[in-house]
Amino acid sequence: YIISMNSKEFSLIIEGVVKDKRPITYMDAILWYCEQNQLEVESVGRLISKALKEKIQVEASKANLIKIPETGKLPI
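Here is what the cut-offs are and how they apply
Residues numbered from 1 in each chain as written. Predicted model: local features only at pLDDT ≥ 70, side-chain atom pairs only at ≥ 80, totals over all residues. Heavy atoms only, no water. Salt bridge = Lys/Arg side-chain N within 4 Å of Asp/Glu carboxyl O. Helix = DSSP H or I, 4+ residues; strand = E, 2+ residues; numbered from the N terminus. Buried < 20%, exposed > 50% of the residue type's maximum accessible area, 1.4 Å probe, protein only. Patch = residues over 30% accessible without salt bridge, like charges linked within 9 Å, V, L, I, M, F, W, Y side chains within 5 Å. Areas by Shrake-Rupley, 256 points an atom, 1.4 Å probe, with all protein chains shown as cover. Expected span 1.5 Å × (residues − 1). Arc of directions from axis to C-beta. Contact = heavy atoms within 4.5 Å. Polar contact = N/O pair within 3.5 Å; in protein donor to acceptor, adjacent residues only side chain to side chain.

(A) Structural detail: the pattern of salt bridges. If you walk through the whole model with that rule in mind, you get one salt bridge. Ionic pairing is found between K55 and E15, a salt bridge with its closest N-O pair at 2.5 Å. Within this pair, whereas K55 is found in helix α3 (residues 50-62), its partner E15 is found in helix α1 (residues 7-20), the two being separated by 40 residues in sequence. K55 sits in the partly exposed class, given a relative accessible area of 32%.

(B) Looking closely at a nonpolar patch on the surface. On the surface, a nonpolar cluster with roughly 230 Å² of combined accessible area is contributed by M27, L31 and V41. Counting through the fold element by element, M27 comes out in helix α2 (residues 26-36).

(C) Quick look at α1. In this model α1 runs 20 Å from its N-terminal to its C-terminal C-alpha over 14 residues, within 8% of the 20 Å that 1.5 Å per residue would give. Of the positions making up α1, those classed as buried are F10, S11, I14, V17 and V18. Along the long axis of α1, the arc covered by the buried residues comes to 120°, so they all point the same way. Turned more than 90 degrees off the buried face of α1, the exposed positions are K8, L12, K19 and D20. Elements in contact with the buried residues of α1: α2 and α3. Of the residues that open α1, the one with a side-chain oxygen 3.0 Å from the backbone nitrogen of K8 is N6.

In structure tokens, the structure reads:
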């Protein structure tokens, strides 16, 4: 099944998991989906859309797991 899935379908599934299992992060939703469907996490990497990557990045930044360089601000 995963072989025939595209990134849009995968994103919709993950969005649904996040909505249904609130509060859950996008990263946790992907891990949960992989666990439920006995998939290797590495196998879904190609299915993660740019929009999903951005949402994961925002969550990771808010949790101080990664630092996103600020742009567009002049030093004071």
